[in-house]
Amino acid sequence: MSTHATPTPPWAKLGRYQGKKWLPMALPTECQPWLDEGKHALRQHKKGHRRARHGIHQWMTQYEWHWPKRRVIFISDLHADADALLASLTASGGVKRTGTSDRHFALTKQGKASVFVFGGDFFDKGPSNLRLLRVLKHLIELNAKVELLAGNHDVRVLYGMRTAGNANDPLNGHFFVRMGAKAIPFLQEIRDEYLTGDKALAGVPGTQKCRQLLLPKPAWFNEFPEQAKTHLSAPACERELKKIAKKTAAFEQQCQDAGLSLKEAYASAKLWQKLFLSPKGEFYWFFNTLKLASKRGSFLFVHAGLDDHLADEINKHGIKPLNKAFSKQLKGAPFDFYYGSLANSVRTKYRDVDHPLSKHGSKRAHMAGIHAIVHGHRNLHHGQRLALRRELLHFECDITLDKHSRKKESLPGLGAGATLIDPSGFIAGISSDWPVIKIFQPESV
């Protein structure tokens, strides 16, 4: 394959997000074959790039590929950055800006013909959890076809906020403090928007009582292992106890360092429950919309990855029953879901501690017509990356969009980008952190 940039196709004429002074953002406009882009485009085989390319070629030619009927625009791991969402929607070619406010955008002709799949982790890290959801809601109100997948941060926030005030439940009382410091910006955001004025904390218990309601007592650390032993191994339970002890010891000081009192933290968490869990709450729609997975053509979209159990379930029953089971479990006891089998798909990194994906699981996925996994969760600094794991292609699409992570990891400018899966038979990786659009076409591998 040629190493020269190919001519810019019409769909690659990307719009520019004009709403803020700290733009314009740099986006690629030329295309290049994905596998020509070296180590930042392909997860390296232990024997080198050539071996990795050979492995992909070997497996790609064995299967008949089916492409989605609509173009899929996949955006993942926004982490509460509404500016990154607006920029990524524009970068995808599915949206054009019509003004400077968050609601000043419209679907393009291509956007109307596409499906927007968001790969989870809407919450944490970034500065604008609520604003992000309002932009997403406006996209839905424009009659865009939208699918929202759950990420580990979304589940963690749901269970943490849902259990706030019930710290001494032996199985579920630790989920609030388990969020740790990452929850504090969200609590601050709610306080700053809703808890203003002299009477904002009227009726809220005192600091000592709030501490008891939010943080596990010493007795909890003896009760949890006994209650959890049917689900967690002894080493896993010990790791969890150490994690909760560390976060409990640090949480109040972390709140103080951020200018948030325990009373404000408690009041904000209880208000979160009204906003997200009450049918009249502004964001009640969000968790009722979440799915675990989506399948379009030969592509499975999840937040983190696949394992043998999930592959078996998909092969036997398909995606709809899986999402139905996920929705039911999500509304049940936090412990049962978080330490159960379905949760692995929102947090796996294919480590030894994760549920395994073996050749058996890969075979079951192929039998179900799945030849590639499209996911986020593993953040990257040079745009999207392709990996071959257990004989399944993985498109890794967490391109570090949120400004908090970008600052922490020394990435310049605004994060923007999207992964496009087109019915005509190509995948395109667009990122503000890579100088060309990576193009993958199975028949040309």
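Reading guide: rules and limits
- Residues numbered from 1 in each chain as written.
- Predicted model: local features only at pLDDT ≥ 70, side-chain atom pairs only at ≥ 80, totals over all residues.
- Heavy atoms only, no water.
- Core = buried A, V, L, I, M, F, W, Y, C linked by side-chain atoms within 4.5 Å.
- Buried < 20%, exposed > 50% of the residue type's maximum accessible area, 1.4 Å probe, protein only.
- Helix = DSSP H or I, 4+ residues; strand = E, 2+ residues; numbered from the N terminus.
- Contact = heavy atoms within 4.5 Å.
- Axes fitted to C-alpha atoms, helices over the stretch in contact; angles between N-to-C directions.
- Parallel < 35°, antiparallel > 145°, perpendicular 65-115°, else oblique.
- Left-handed = near helix turned anticlockwise from the far one by under 90°.
- Pairing = 2+ DSSP bridges.
- Disulfide = S-S within 2.5 Å.

Phe116, Phe118, Leu139, Phe276 and Leu306 are the most contacted members of the largest nonpolar core, which totals 111 residues. Considering each element in turn, this core owes the most residues, nine residues, to helix 11 (residues 262–277). Phenylalanine 118 has contacts with Ile75, Leu78, Leu85, Leu89, Leu136, Leu139, Val146, Glu147, Leu148 and Leu149, leaving out every residue within four places of it along the chain. In terms of nonpolar packing, the next biggest core, distinct from the first, is built from 24 residues, Trp65, Trp67, Leu386 and Cys397 among them.

Here the focus is the environment of leucine 357. Looking at the element boundaries, leucine 357 is found in the loop between helix 16 (344–347) and helix 17 (359–367). On the basis of relative accessibility, which here comes to 5%, the residue leucine 357 falls in the buried class. For the pair formed by leucine 357 and aspartate 307, sequence separation is 50 residues and the distance between their alpha carbons is 4.2 Å. The contacts of leucine 357, once residues within four sequence positions are left out, are Leu306, Asp307, Asp308, Tyr350, Ser362, Arg389, Arg390, Leu392 and His394.

Turning next to the packing of helix 8 (residues 207–214) against helix 11. Two measures define how a pair of helices packs: the angle their axes make with one another and the distance between the axes. Look at helix 8 against helix 11: their axes get within 8 Å of each other, and the N-to-C directions meet at 50 degrees. By the criterion of interaxial angle, the relationship of helix 8 to helix 11 is oblique. The handedness of the crossing between helix 8 and helix 11 comes out as left-handed. Listed contacts from helix 11 to Thr207, Cys210, Arg211, Leu213 and Leu214 of helix 8 are Leu262, Lys263, Ala265 and Tyr266.

Moving on: the sheet that holds strand 8 (residues 299–301). Here we have five strands laid out as an open sheet, ordered 7-8-9-11-10, and mixed in their pairing. Looking at the sheet topology across the chains shown, the edges are occupied by strand 7 (294–296) and strand 10 (385–389). Across the sheet, the axes of successive neighbouring strands diverge by a mean angle of 25 degrees, strand direction being ignored.

With that settled, the discussion passes to the environment of leucine 342. You can see leucine 342 is positioned in the loop between helix 15 (334–338) and helix 16. In this structure leucine 342 comes out as buried when scored by relative accessible area, which is 5%. The spatial distance from the C-alpha of leucine 342 to the C-alpha of leucine 322 is 8.8 Å, given a sequence separation of 20 residues. Dropping the residues within four chain positions of it, leucine 342 is found in contact with Leu292, Leu310, Leu322, Ala325, Phe326, Gln329 and Phe337.

Below, the discussion takes up the state of the cysteines. For the structure on display, the rule yields zero disulfides. Note on cysteine 210: no disulfide assigned, nearest cysteine sulfur contributed by cysteine 255 at a separation of 11 Å. Since its relative accessible area comes to 0%, cysteine 210 is described here as buried.

Sheets are built from strands paired through backbone hydrogen bonds, the pairs being either parallel or antiparallel. Read from one edge of the open sheet, seven strands run 1-14-13-12-2-5-6, paired in mixed fashion. The open sheet terminates on both sides in strands that have one partner only, identified here as strand 1 (31–33) and strand 6 (145–148). Ignoring which end each strand starts from, the neighbouring axes of this sheet average 20 degrees apart. When strand 12 (residues 417–422) meets strand 13 (residues 426–431), the two strands line up antiparallel, connected through six bridges.

Of the residues making up helix 7 (residues 184–194), those classed as buried are Ile184, Phe186, Leu187, Gln188, Glu189, Ile190 and Arg191. Buried residues along helix 7 sit against helix 4 (129–141), helix 5 (152–162), helix 6 (175–178), helix 10 (234–257) and helix 11.

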